[in-house]
Amino acid sequence: MNSTLAGQARHRARPGSTLPAGTQAVLAVVGDPQRPVHLVVTTGRVARRSFISWQPWDAAARTGNCYTALPASVCDALLDAGLITLGAVVQDPQRQVQAIGLTEAGRLRRSRPAVAA
């Protein structure tokens, strides 16, 4: 099985599935071209799976220039719903990195105004 496409085939939108709180915020981060988002899977004694985003420098708030973690449960739900997609795998001895992007359904969902449940 091609590891580049391994995670993509199983992620399809499920009708009627509910998404967790924070979905719009994560979609906004993934859709922002100045904040690249990656799935990082570390190997070794303790394997970890993290969704990270680059936080650019904000001169007004005097914060940024660092990586921040996104909520894994929200990212996993978006992946399962087919709203975000994984890119090609970049492998090194200690970790595997995949870029994350929005699917067409994710772009449409991001552009819709939030609806109260």
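The model shown is predicted, which means the values in this text are computed figures rather than measured ones. (Residues numbered from 1 in each chain as written. Predicted model: local features only at pLDDT ≥ 70, side-chain atom pairs only at ≥ 80, totals over all residues. Heavy atoms only, no water.)

(A) The overall build of the protein chain, seen in detail. Along its length, the protein chain carries three helices and five strands. Looking at the protein chain as a whole, 27% of its 117 residues are labelled buried. Residue pairs at least 24 apart in sequence account for 50% of intrachain contacts in the protein chain once pairs closer than 6 positions are excluded. (Helix = DSSP H or I, 4+ residues; strand = E, 2+ residues; numbered from the N terminus. Buried < 20%, exposed > 50% of the residue type's maximum accessible area, 1.4 Å probe, protein only. Contact = heavy atoms within 4.5 Å.)

(B) Local environment of the pairing of strand E4 (residues 84-91). Across six bridges, E4 lies against strand E5 (residues 95-102) in antiparallel orientation. The residue of E5 that forms the bridge with Val 90 is Val 97. The turn joining E4 and E5, which pair antiparallel and follow one another in sequence, is formed by three residues. (Pairing = 2+ DSSP bridges.)

(C) Fine view of the environment of Gln 94. Take Gln 94: it is sitting in the loop between E4 and E5. Assessed through its relative accessible area of 62%, Gln 94 is described here as exposed. Between the C-alpha atoms of Gln 94 and Thr 43, which are 51 residues apart in sequence, the distance is 5.4 Å. Not counting the four nearest positions on each side in its chain, Gln 94 is found in contact with Val 41, Thr 42 and Thr 43.

(D) Main features of the packing of helix H1 (residues 23-31) against helix H2 (residues 72-80). Relative orientation of the contacting elements H1 and H2 amounts to 80 degrees, with a least axis distance of 10 Å. Regarding the angle of H1 to H2, the classification is roughly perpendicular. When H1 is examined against H2, the residues Thr 23, Val 26 and Leu 27 are found in contact with a partner set consisting of Val 74, Cys 75 and Leu 78. Of the residues contributing to the contact of H1 with H2, the split by class is five nonpolar, one polar and no charged. (Axes fitted to C-alpha atoms, helices over the stretch in contact; angles between N-to-C directions. Parallel < 35°, antiparallel > 145°, perpendicular 65-115°, else oblique. Nonpolar A, V, L, I, M, F, W, Y, C, P; charged D, E, K, R; others polar.)

(E) Region of interest: the nonpolar core. Membership of the largest hydrophobic core comes to 18 residues, with the highest contact counts inside it found for Val 30, Leu 78, Ile 84 and Ile 100. Where this core is concerned, the elements lending two or more residues are H1, strand E1 (37-42), H2, E4 and E5. In this structure Val 30 touches Val 37, Ile 84, Ile 100, Gly 101 and Leu 102, once residues within four positions along its chain are discounted. (Core = buried A, V, L, I, M, F, W, Y, C linked by side-chain atoms within 4.5 Å.)

(F) A look at the side chain of Gln 98. As for its position among the elements, Gln 98 is in strand E5. Within polar-contact distance, the side chain of Gln 98 engages the backbone oxygen of Gly 87 at 3.1 Å. (Polar contact = N/O pair within 3.5 Å; in protein donor to acceptor, adjacent residues only side chain to side chain.)

(G) Quick peek at H1. Along H1, the residues classified as buried are Thr 23, Val 26, Leu 27, Val 29 and Val 30. Viewed along the axis of H1, the buried residues span an arc of 160 degrees, placing them on a single side of the element. Where the residues of H1 are buried, they touch E1, strand E2 (48-55), H2, E4, E5 and helix H3 (104-111). (Arc of directions from axis to C-beta.)

Bear in mind that shape data such as this cannot, by itself, settle questions of function.
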